[in-house]
Amino acid sequence: MIPRLKIWFKRTKRFIGSFYFINKNKLLGRSFVPHPRKRLFIEPISYCNLACKFCTYPKNLHPKTVMDEDLFRSSIDQAAAMGFECIVLTPINGEIFMDKNAIERLRYIENSVIKTYQFYTNFIGANNVAIKSLFALKKISYLEVSIYGHDFESFCNITGRGKEQYDRLVENLTTLESLFSQKPPGLNICLSIRTYRSFQFNKGSQNELLEIIEKLRQAGVQIGLSSQVDNWGGDIGESDVADIEMDLIDGKHLYKKGPCGLPFDSVQITAEGKVNACACRDPRGSLLLGDLNLTSLSSIHTPDNEKWIGIVRDHEIGNFNDVCASCGFYQSIYDERRVVDTEFMTKNDYIDQARDLE
Ligand code: SF4
Ligand code: SF4
């Protein structure tokens, strides 16, 4: 009964907070979206080496492939020509170090006019050579290592994988710590731990994973801890997360008003070359904007694309499609809590500026 009450309390608190911020800003005519050329997602690969229970990867909703090299280079070239500042290489479902050309591809971005790039990784597919190579790069600005579980048992339970993958994770974190002094100054590294809600640092038994995390913390790495997961637009349910002690955010209980911010700052070129309006929670590709195999990025990624403006217009009038209506990752552009470390503008300014840039 008590856990249920806690969930209800958290959900209600979140709903009230969203209601307040969204309506206040909507009344004041304020919305929060970044510059239209702030960032673009490119998915170099859509294979993963884990099968996390809270993720849609094991459900095979998103086509699995490695992006063709010509397509990758053309995507970077087109993004550079359009003036994108940052490339995010985090797949919607997948792991960047499963790509044997990962470092070569990063070097290709290094040699372009793109200013920075970043990605999330589970780090298991990396190795000594790759980590050393990463630290020799200049434009990488953010690396987030996602760690699932806090010990061997929880790692296996959450990820569906075993000792080989766990040992590689610990080994790669150990290498990261040993090379940390060689980290490029512009690179921020974060370890994001997702594990059981009962876990607390410095309580319970220690293990090799927690020890290396602590060493990295002492070296200056930021550590995040969460036991919250979301329902991936309705594709993840309570039964999927029943035995991993995590709290599921069900998008049906969120207060939704106004366009979601992701079509403004998280458009993704998938490994297949499709362009999707959401890089984070639409593995089925229902927010498809176009196909880079058929036409240019500039003709797809524009407010004049009827599909893009249609999504924004529909969200504005509360007409959310199935995936967005169920989505637990929704972020209203009227919610000022979206403003983090970058400059934001209004929706209308975004559209005007995007048109001016064409
Ligand atoms: S959460 Fe990430 S690491 Fe886990 S299965 Fe999904 S894509 Fe792979
Ligand atoms: S509501 Fe969810 S699926 Fe829709 S654009 Fe936002 S994050 Fe993506």
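See the structure above.
Read on for an overview of the structure. (Residues numbered from 1 in each chain as written. Chains lettered and ligands numbered in written order. Predicted model: local features only at pLDDT ≥ 70, side-chain atom pairs only at ≥ 80, totals over all residues. Heavy atoms only, no water.)

## Quick word on the site of ligand 1
Within the structure, ligand 1 sits among C48, L50, C52, F54, C55, Y57, G94, N122 and Y148. Here the residues of the shell around ligand 1 sort into seven nonpolar, two polar and no charged. (Near = heavy atom within 4 Å. Nonpolar A, V, L, I, M, F, W, Y, C, P; charged D, E, K, R; others polar.)

## Here's the deal with the site of ligand 2
C260, L262, P263, C278, R281, L287, C324, C327, F329 and Y330 make up every residue found near ligand 2. Across the shell around ligand 2, the residue classes break down as nine nonpolar, no polar and one charged.

## Details of helix α10 (residues 306–316)
Each turn of an α-helix holds 3.6 residues, which means side chains three or four residues apart point in the same direction. Among the residues of α10, those classed as buried are W308, I309, G310, I311, V312 and H315. The inward-facing, buried residues of α10 contact α8 (262–265), β12 (288–291), α11 (322–326) and α12 (347–356). Of the residues flanking the start of α10, the one acting as N-cap is N305, its side-chain oxygen 2.8 Å from the backbone nitrogen of K307. Just past α10, the residue G318 takes up positive phi, approximately 80°. (Buried < 20%, exposed > 50% of the residue type's maximum accessible area, 1.4 Å probe, protein only. Helix = DSSP H or I, 4+ residues; strand = E, 2+ residues; numbered from the N terminus. Contact = heavy atoms within 4.5 Å. Polar contact = N/O pair within 3.5 Å; in protein donor to acceptor, adjacent residues only side chain to side chain.)

## Re the pattern of salt bridges
Tallying each qualifying case throughout the model produces 24 salt bridges. One salt bridge in this structure joins R338 and D265, with 3.1 Å as the shortest N-O distance. With R338 in the loop between α11 and β13 (344–345) and D265 in helix α8, this residue pair connects regions lying 73 residues apart in the sequence. This pair shows no difference in class: R338 is buried, exactly as D265 is. In this structure, E306 engages R313 in a salt bridge whose closest nitrogen and oxygen atoms are separated by 3.9 Å. (Salt bridge = Lys/Arg side-chain N within 4 Å of Asp/Glu carboxyl O.)

## Looking at the pairing of strand β7 (residues 222–226)
Bridge count for strand β6 (residues 188–194) against β7 is five bridges, and the pairing is parallel. Among the inter-strand pairings, S192 is bridged to a residue of β7, identified as G224. (Pairing = 2+ DSSP bridges.)

## Some remarks on α12
Along α12, the residues classified as buried are K347, Y350, I351 and A354. Projected down its long axis, α12 shows its buried positions confined to an angular sector of 95°, all on one face. On its buried side, α12 packs onto β1 (33–34), α8, α10 and β13. (Arc of directions from axis to C-beta.)

## A word on the environment of A136
For A136, the position within the fold is in the loop between α4 (128–135) and β5 (140–148). Looking at A136, the relative accessible area reads 52%, which means it is exposed. For the pair formed by A136 and P184, sequence separation is 48 residues and the distance between their alpha carbons is 7.2 Å.

## A few points about a negative patch on the surface
Judged by side-chain charge, D349, D352, D356 and E358 come together as a negatively charged surface patch. Looking at the secondary structure, you find D349 in helix α12. By relative accessible area, D349 is classed as partly exposed at 39%. (Patch = residues over 30% accessible without salt bridge, like charges linked within 9 Å, V, L, I, M, F, W, Y side chains within 5 Å. Areas by Shrake-Rupley, 256 points an atom, 1.4 Å probe, with all protein chains shown as cover. Lys, Arg positive; Asp, Glu negative; His and termini not counted. Charge placed at Lys NZ, Arg CZ, Asp CG, Glu CD.)

## Describing the nonpolar core
Among the nonpolar cores identified, the biggest contains 102 residues, and F54, I87, L89, F97, L134 and L173 are the most heavily contacted of them. For this core, the element with the most residues is helix α2 (residues 69–82), which contributes six residues. Residue contacts for L173: discarding those within four places in its chain leaves F123, V145, I147, L191, L209, I212 and L216. (Core = buried A, V, L, I, M, F, W, Y, C linked by side-chain atoms within 4.5 Å.)

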